[in-house]
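Here's the letter readout for the chains.
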Amino acid sequence: MADLLTTDEAAIYLRLSERKLYELVAQGVVPCTKVTGRWLFPRAALDRWVTAGLIAPAALTHVAAPPILGGSHDPLLEWALRESGCGLASLPEGSEEGLRRLTRGEVMAAAIHLHAQEDGADDEQVNIATVAGAPGLHDAVVISFARREQGILVAPDNPLKLSDIASVARTGARMAQRPLGAGAQLLLLALLARAGLAAHDVSLLKPVCPTGTDIAQAVRSGRADCGIATRSVALAAALEFLPLTWENFDLVLRQRDYFLPGPQRLFGFLRSAAFREHATELAGYDIDRVGEVLLVN
């Protein structure tokens, strides 16, 4: 919330009177969002607005986000970004960080796969529920990309005979981990909680692995005994895969950015035969709902 300023904070930050700030809001020329009846002003967007000299031209109401897709890493998505020619760069830092950057206007879209940490919470709806309730994302849209199979990656022939999270804790297996806020790390914490275990019950290695591909490399090199990643990552690295769950992997972006040429080129490519064939080749994907609008906030 420190990145979202209230009206009086924004007025002080911009060295304007609150009356003048309200005039700019009414004219639609200052970046802001309304949440539960209150105006909030993203600090990063204000910085870009002032630097770009947007105080006067009403035609430039919204500060354009850079053509970057942040959030979670996925091999099929990475391939689609490249093959579609959409012009979107990739910044894989984890689901929660992707949403934070989207809120601040630092990326155009975010890829997410979140997992509920509370008992009884609906894991199938957690992506949608999180975006629907996120401050600063009142104008977001959630688009289905795929359902992915997540599991435990182990060396060929599974030398420690692991089967689930409980067996990882019981055997003392060295487990590679993802950064805090990454979808795979949220899944790990949820699985531990459901097994009645805590993070300190598992031998978690540091430094953390930025992507699932890095998890696979840690296992292949022998630095780790196991780690959580997708079936497609395991197959590409010739590792054994112990299935855990299927998850929703979705894309989030502003409604106004959905219609830009780059995202539209990507969404068009997701409907192609080439995309479907590559998803089958990678394995571990269900793309029956690809491109479907799941939420319009």
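In this text, all values refer to a predicted model and were calculated from it rather than measured experimentally.

(A) Fine view of unusual backbone geometry. Cis geometry marks the peptide bond from Lys-206 to Pro-207, where omega comes out at 0°. Here Pro-207 shows up in the loop between strand S9 (203-204) and helix H9 (212-221). The phi dihedral of Asp-157 falls on the positive side, at around 75°, and the residue is not glycine. Within the element layout of this structure, Asp-157 appears in the loop between strand S7 (140-154) and helix H7 (165-171). Since its relative accessible area comes to 63%, Asp-157 is described here as exposed. Here the phi dihedral of Lys-161 falls at roughly 55°; this positive angle occurs in a residue that is not glycine. A relative accessible area of 60% means that Lys-161 is categorised as exposed.

(B) Looking closely at the confidence of the model for the chain. Of the residues in the chain, 95% have a pLDDT of 70 or more, and the chain-wide mean is 91. A low-confidence stretch, residues 54-61 (pLDDT under 50), is modelled with ten contacts involving residues beyond four sequence positions or located in other chains.

(C) Expanded view of the packing of helix H1 (residues 7-14) against helix H3 (residues 43-51). One can describe the packing of H1 onto H3 by two numbers: an axis separation of 12 Å at closest approach and a directional angle of 35°. Both H1 and H3 take part in a crossing whose hand is right-handed. Touching Ala-10, Tyr-13 and Leu-14 of H1 are Arg-43, Leu-46, Asp-47, Trp-49 and Val-50, all from H3. Partitioned by chemical class, the residues of the contact of H1 with H3 number six nonpolar, no polar and two charged.

(D) How the structure looks around the environment of Val-293. Here Val-293 lies in strand S13 (residues 293-296). Sequence spacing of Val-293 and Ile-143 is 150 residues, and the spatial spacing of their C-alpha atoms is 4.7 Å. In this structure Val-293 touches Val-141, Val-142 and Ile-143, once residues within four positions along its chain are discounted.

Rules used in this analysis
Residues numbered from 1 in each chain as written. Predicted model: local features only at pLDDT ≥ 70, side-chain atom pairs only at ≥ 80, totals over all residues. Heavy atoms only, no water. Helix = DSSP H or I, 4+ residues; strand = E, 2+ residues; numbered from the N terminus. Buried < 20%, exposed > 50% of the residue type's maximum accessible area, 1.4 Å probe, protein only. pLDDT = per-residue confidence, 0-100. Contact = heavy atoms within 4.5 Å. Axes fitted to C-alpha atoms, helices over the stretch in contact; angles between N-to-C directions. Left-handed = near helix turned anticlockwise from the far one by under 90°. Nonpolar A, V, L, I, M, F, W, Y, C, P; charged D, E, K, R; others polar.

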